[in-house]
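Examining the three-dimensional arrangement
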Amino acid sequence: MGEKKVVTTSGIDIKPVYTTAKPMTELPGEFPYTRGIQKDMYRGKLWTMRQYAGFSTAEESNQRYHYLLKQGTTGLSVAFDLPTQIGYNSDHELSEGEVGKVGVAIDSLKDIEILFEGIELEKITTSMTINATASILLAMYIALAKKQGADLSQLSGTIQNDILKEYAARGTYIYPPKPSMRIITDIFEYCSKEVPKWNTISISGYHIREAGSTAVQELAFTLANGKAYLSAAMEKGLDINIFAKRLSFFFNCHNNFFEEIAKFRAARRMWANITKSLGATDEKAQMLRFHTQTGGSTLTAQQPLNNVVRVTNQAMAAVLGGTQSLHTNGYDEALSLPTEAAAKVALRTQQIIAFESGVTDTADPLAGSYFVENLTDEIEAAAQLYLDKIEAMGGAVTAIENGYMQNEIAAAAYTYQLAVEEGSRVIVGVNSFTQQQEGLTDTLTIDESIRTIQIEKITHLKSTRNNIAVDLALKRLLLAAQTKENLMPFILIAVEEYATLGEIADVLRNIFGEY
């Protein structure tokens, strides 16, 4: 019988034993940052413990935020419902059945005021998972901060704002790629002057992975998209040493423990070299900072308590890989949005890793491991092959327009599913170690009446706001969209006059069209 062949999820061969690796001379906090972006890593500062939350109405989500902050969450992370993500008000016919389901419904600044009631924006960091309508949601957040009297130069957080991965993997785009890239670079330019601490994009591999990619594809396609954003901003005349400091990344973490750790280490090294090759000389502009979320698609509806173990394994890999921020999924998320009990266990998972496991005591504790160092090199080499191929096509935008990334992800997803169905890839509780369905008694359900509540809010808003001022603000936005003016100031004015999200998105639809 031949020796058993073992490969990672990306198809990288794993040897039975590793006996050599390149000599380890690099230190944490030194270019190219393979070992982490801080010299002392978590001894100096722990990662931000975020819990992704948002559902139903702004009132209900606000209650969950206050609960999480009391439990020790150190940063908020907002989920928006699908209508909000694709620029439709709750009263739009296409919103029916989706209002408040996968996130909170936001129709106007009024909803943002309720969402953050009792929370000082200057004192927390907020991450918003929003892309096509990121400019509008960011404008609402800034408008509320101004109302609170906050110092905008101290306002910190992140908008995802990564439209390229929407075309490649997720699907919540509105406008064609080129006008979408214009909006993104307008946000870069505006924030560099008005809210300099704000992270203007979180370049996301998470959704690429959730769509079925391998770890190597997630890394390669995310960095290719990142390179496209750098190029677009530089074409607009922005200084890479300034705006690259405000870029962050958002990665997935799946179950293959060492592959994930090596992926994060390779990502930092590759990005440092990419930024340097494009002219970045400032260390902070060369550093890849990233948020991690544990793998949603790895959660099983069968034997859901097994997901606690999966999430712990993934969270530990993210920490050993040097993440700056982490969200841990609830064990019940294959069945519903997380209950309070599941959200608490998810947060406690991070706290136990941080304060009880000892993995935070030294920077990059797996450095010098023959296996980890070899795997880091192999993942980098495999990802570089993809990057070279995309570069030869003309970059990420062209690769997406040609369907290249989408086809590669689909092929990987198909291969994975075949392996699960054949049983060559074991999923505990699904295709091995199965038992009679073990359900959960408590799951979170979203009431269909939420849409009615939101429609009533919109009707009331439109009857009480200054509609002449709204019309004027929308006309000015329309004219700006027809020229090359930066759109952000005009969106902010419209938001402050209580124009709705749908009204603002429709103005841009009229000029840019839909994709």
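Right, let's walk through the structure included here. This one's a predicted model, so the numbers in the text were calculated from it and none came from an experiment.

**Considering the layout of surface pockets**
Its volume calculated, the second largest pocket comes out at about 1200 Å³. What lines the second largest pocket is a set of 35 residues, among which T9, Y416, V420, R425 and I427 lie closest to the centre. Listing elements by their share of the lining of the second largest pocket, those giving two or more residues are α7 (206–210), α12 (306–320) and α16 (404–422). Here the residues of the lining of the second largest pocket are counted per class, giving 14 nonpolar, 15 polar and six charged.

**Points about the side chain of T200**
Examined against the element boundaries, T200 turns out to sit in the loop between β5 (198–199) and β6 (201–204). When its relative accessible area of 4% is taken as the criterion, T200 is described as buried. Ignoring any residue separated from it by four or fewer positions in sequence, one finds T200 in contact with I159, N161, I187, F188, C191, R246 and L247.

**Overview of empty space enclosed by the protein**
In the structure shown here, the tally under the stated rule is four cavities of 30 Å³ or more. The space that makes up the largest cavity amounts to roughly 70 Å³. If you trace the largest cavity, you find 13 residues lining it, with V319, L320, G322, D364 and P365 closest to the centre. When its volume is computed, the second largest cavity comes out at roughly 60 Å³. As for the second largest cavity, its lining consists of N131, A132, N161, I163, Y175, S180, I183 and I184. Residue composition of the lining of the second largest cavity, by class: five nonpolar, three polar and no charged.

**Regarding a nonpolar patch on the surface**
Nonpolar side chains collect at one region of the surface, where V426, V428 and F433 lie side by side and expose about 300 Å² of accessible area between them. The topology assignment puts F433 in the loop between α16 and α17 (450–464).

Conventions we followed
Residues numbered from 1 in each chain as written. Predicted model: local features only at pLDDT ≥ 70, side-chain atom pairs only at ≥ 80, totals over all residues. Heavy atoms only, no water. 1 Å grid on protein atoms, 1.4 Å probe; cavity = no way out; pocket = protein on both sides within 12 Å on 5 of 7 lines; lining within 4 Å. Points joined across faces, edges and corners; volume = space filled by probe spheres on them. Helix = DSSP H or I, 4+ residues; strand = E, 2+ residues; numbered from the N terminus. Nonpolar A, V, L, I, M, F, W, Y, C, P; charged D, E, K, R; others polar. Buried < 20%, exposed > 50% of the residue type's maximum accessible area, 1.4 Å probe, protein only. Contact = heavy atoms within 4.5 Å. Patch = residues over 30% accessible without salt bridge, like charges linked within 9 Å, V, L, I, M, F, W, Y side chains within 5 Å. Areas by Shrake-Rupley, 256 points an atom, 1.4 Å probe, with all protein chains shown as cover. Salt bridge = Lys/Arg side-chain N within 4 Å of Asp/Glu carboxyl O.

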